[in-house]
Amino acid sequence: MRLLYEGKAKILYDVGDNKCLVYFKDTATAFDATKKAIVEGKGVLNNTISSILFKLLEEKGIKTHFIKRVSDREMLVWKAKRLDLEVVVRNIAAGSLCKRLGLKEGEKLREPLVEFFYKKDELHDPLICQEHIFMLGIADKKTLSQIRKTAKKVNHILKNFFRAHCLLLVDFKLEFGILPDGSLAVVDEISPDTCRLWDIKTGEKLDKDRFRFDLGDLIEGYKRVLEKIQS
Ligand code: TMP
Ligand code: ASP
């Protein structure tokens, strides 16, 4: 097993045969890791939730890097060349959208909004437009159009799934990669670290905003997300 990359929340190992092992850590970071903590149990919850969501997407015909969950903290995935792009889909105004455009948190958007951020820590992941994406050589026209289409499809699937489990999908972030066969796939993770999820009845925030803004116990929120999607 060869260490490929250690990120803020995960470690990636090359296990050969075009496969990688993702290890989910217990570290939580926010605001470019200026806020950091060890949150015991987060890695197990994110691996479990992410595995459920990747499996759901695969069943609905979305190509992802997911192969299987192999242990509490580990997931086996296809090796992919990750694009330096964070694709955010929003259904309800929150977070940086409110800050940037002066919208009120909780406002329903006319239609799902897709935004692109350049994944570059030293630049603080700036918002970019499609011309920037072409200029930087991150993706060509055809690939970007496929990314946009897939992101909207994923939103549709996840929104309906969460709604059926009494959760409101406010927004989420996806990452994409190119698999060894050249095809585009959703990679990274899909978890309460990368989604905003509110309790449909009470509006309570159950995601990483609890950590970002000290709104309550992170693990309690993530456990409730898992319990709901398993019910
Ligand atoms: P934002 O409102 O802060 O731009 O976040 C939009 C969505 O993206 C939200 O669901 C949280 C997720 N996200 C990440 O997964 N990683 C990040 O580094 C940031 C800033 C947001
Ligand atoms: N994951 C990002 C960081 O650690 C920010 C965030 O999720 O809010 O900086």
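Here, the structure is the one placed above.
We now turn to the structure provided with this report. Everything quoted here is computed from the prediction, not taken from an experiment.

Rules used in this analysis
- Residues numbered from 1 in each chain as written.
- Chains lettered and ligands numbered in written order.
- Predicted model: local features only at pLDDT ≥ 70, side-chain atom pairs only at ≥ 80, totals over all residues.
- Heavy atoms only, no water.
- Helix = DSSP H or I, 4+ residues; strand = E, 2+ residues; numbered from the N terminus.
- Expected span 1.5 Å × (residues − 1).
- Buried < 20%, exposed > 50% of the residue type's maximum accessible area, 1.4 Å probe, protein only.
- Near = heavy atom within 4 Å.
- Polar contact = N/O pair within 3.5 Å; in protein donor to acceptor, adjacent residues only side chain to side chain.
- Areas by Shrake-Rupley, 256 points an atom, 1.4 Å probe, with all protein chains shown as cover.
- Nonpolar A, V, L, I, M, F, W, Y, C, P; charged D, E, K, R; others polar.

Quick notes on helix α1 (residues 42-59)
Relative to the 26 Å expected for 18 residues at 1.5 Å per residue, α1 spans 26 Å between its end C-alpha atoms, a close match to the ideal helical length. Among the 18 residues of α1, 13 are classified as buried, and the element is accordingly described as predominantly covered. Looking one or two residues past α1, G61 carries a phi angle of roughly 90°, positive in sign.

Description of the site of ligand 2
The immediate surroundings of ligand 2 are formed by K8, T29, A30, F31, D32, A33, K208 and R212. One nitrogen or oxygen atom from the side chain of K208 is found 2.9 Å from an oxygen atom belonging to ligand 2. Contacts to ligand 2 include R212, whose side-chain N or O atom sits 2.7 Å from an oxygen atom. Burial of ligand 2 by the protein chains amounts to 74% of its free accessible area of 270 Å². In terms of residue class, the shell around ligand 2 is built from three nonpolar, one polar and four charged.

Here's the deal with the site of ligand 1
In the region of ligand 1, 14 residues are neighbours, and R90, S96, D171, K173 and R196 sit closest. R196 is positioned such that a nitrogen or oxygen atom in its side chain is 2.9 Å from an oxygen atom of ligand 1. When the free accessible area of ligand 1 is taken as 450 Å², the share hidden by the protein chains comes to 77%. Taken together, the elements giving at least two residues each to the shell around ligand 1 come down to β9 (85-92), α2 (95-101), β12 (167-178) and β14 (195-199).

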